[in-house]
Amino acid sequence: MGENIKEIKEKIQAAAIEELPVLFMQYEADGRAGVRAAIEKGRKRILAYEKEVARIDALYRYEREYAAYQYICGIDEAGRGPLAGPVVAGAVILPKDCDILYINDSKKLSEKKREELYTVIMERAVAVGIGYSTPERIDEINILQATYEAMREAIGRLSVVPDLLLNDAVTIPQISIRQVPIIKGDAKSISIGAASIVAKVTRDRLMVQYDEVYPAYGFASNKGYGAQAHVDALKKYGPCPIHRKSFITHFCEV
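Since the model is a prediction, treat every value here as computed from it, not as a measurement. Going along each chain's sequence as written, the residues are numbered from 1 onward. Totals for whole chains, interfaces and linings use all residues, but because this is a predicted model, local features are given only for residues with pLDDT of at least 70 and pairs of side-chain atoms are given and counted only at 80 or more. Water and hydrogen atoms were dropped before computing side-chain values, which therefore reflect all heavy atoms in the structure.

Draft legend 1. Structural detail: helix α7 (residues 143–156). A run of H or I in DSSP counts as a helix once it spans at least four residues, and a run of E counts as a strand once it spans at least two, with each numbered from the N terminus. A helix is expected to span 1.5 Å multiplied by its residue count minus one. For α7, spanning 14 residues, the distance from its first C-alpha to its last is 20 Å, which sits close to the expected 20 Å at 1.5 Å a residue. Among all positions of α7, only I143, A146, T147, Y148, A150, M151, R152, A154 and I155 are buried. In what follows, a contact means two residues having at least one pair of non-hydrogen atoms within 4.5 Å. Those residues of α7 that are buried lie in contact with β1 (72–78), β2 (87–93), β3 (127–133), α6 (135–141) and β4 (164–168). Here a polar contact means two N or O atoms within 3.5 Å. Within protein one must be a hydrogen donor candidate and the other an acceptor candidate, and residues neighboring in sequence count only if both atoms are side-chain atoms. Between the side-chain oxygen of the N-cap and the backbone nitrogen of L144 there are 3.0 Å, and the N-cap of α7 in question is N142. Working definition: with a 1.4 Å probe on protein chains only, accessible area under 20% of the residue-type maximum means buried, over 50% means exposed, and in between means partly exposed.

What follows is the structure in structure tokens.
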């Protein structure tokens, strides 16, 4: 007895991209509507995959331009805007032959996809460095300078010394390594995109932990940003130790 439509659908859905053309040939003579629909869905998968491969290839523009440098490091941060919590910087050196798909500006990715990509990046990167600047430090020297400090710390924590830095928009003071600032770089460079994911996931996980210590503010969901529920809690309870005093003067006494 031949395969039923459900079995064929499941086989096509479970197949790797490179296996699909063989399955299409195997079932192209099957006239059942369900099989035709499964094949068409498979073809759309291939088109989406090819589109993603092309998008990722375009993200290597700067890495190709500066290919003479051995260790190219992407730099980005997460958490410049929140009312609470640290600012976190990520520094990532990817291998020259890296082919990780779906890397993008972390804000354009779902939480699930960021977590998946974080794991892959941490496994496959040549080196990853993470830096932090505390709320107290942000209040002391301002958010921009605190961000620079976190970035310098992230670079210093790399296991290899980069030859070139690709930065999301900024030029970091007190760094002797050559820097290339790229506006909206987290959506234009594979290395900066990877750094944005590492920084964002690291910071989000930290804010979930802070939520257990200071549950009144909803940090697990708002990650310290100024969501209405967070602002309402600030007005009701006042600040907790991880609030940035210089950011919350409109909402409560500090």
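Draft legend 2. Expanded view of the sheet that holds strand β5 (residues 178–182). Think of it this way: DSSP has to see at least two bridges between two strands before they count as a pair. Here five strands make up an open sheet; going across it, the order is β3-β2-β1-β4-β5 and the pairing mixed. Only two strands of the sheet have a single partner each, and these edge strands are β3 and β5. Geometrically, the sheet is characterised by an average inter-axis angle of 20° between neighbouring strands, direction not taken into account. Pairing geometry for β1 and β4, over four bridges, is parallel. Bridge pairing in β4 places I75 opposite N167. Every axis in this analysis is a line fitted to C-alpha atoms, fitted for helices over the stretch in contact. Angles between the N-to-C directions lie between 0 and 180 degrees.

Draft legend 3. Fine view of the environment of R114. Structurally, the position occupied by R114 is in helix α5 (residues 111–124). What makes R114 buried here is its relative accessible area of 10%. Separated by 80 residues in the primary sequence, R114 and A194 place their C-alpha atoms 9.7 Å from one another. Setting aside anything within four residues of it in sequence, one finds R114 in contact with S106, L109, I197, K200, V201 and D204. Engagement of the side chain of R114 in a polar contact is seen with the backbone oxygen of L109, the distance being 2.8 Å.

Draft legend 4. Main features of the environment of N4. Within the secondary structure, N4 sits in the segment before α1 (5–14). The exposure class of N4 is partly exposed, given its relative accessible area of 38%. A C-alpha to C-alpha distance of 35 Å links N4 and S110, two positions 106 residues apart in sequence. Within polar-contact distance, the side chain of N4 engages the backbone nitrogen of K6 at 3.1 Å.

Draft legend 5. The arrangement of the pairing of β2 in detail. In terms of burial, β2 is a largely internal element, seven of the seven residues being buried. The two faces of β2 match: V87, A89, A91 and I93 on one face and V88, G90 and V92 on the other face are all buried. The pairing of β1 with β2 spans six bridges and is antiparallel. Residue pairing for β2: C73 is matched across the bridge by I93. Judged from the seven bridges that link them, β2 and β3 form a sheet pairing that is antiparallel. Counted as the bridge partner of V87 is S133 from β3.

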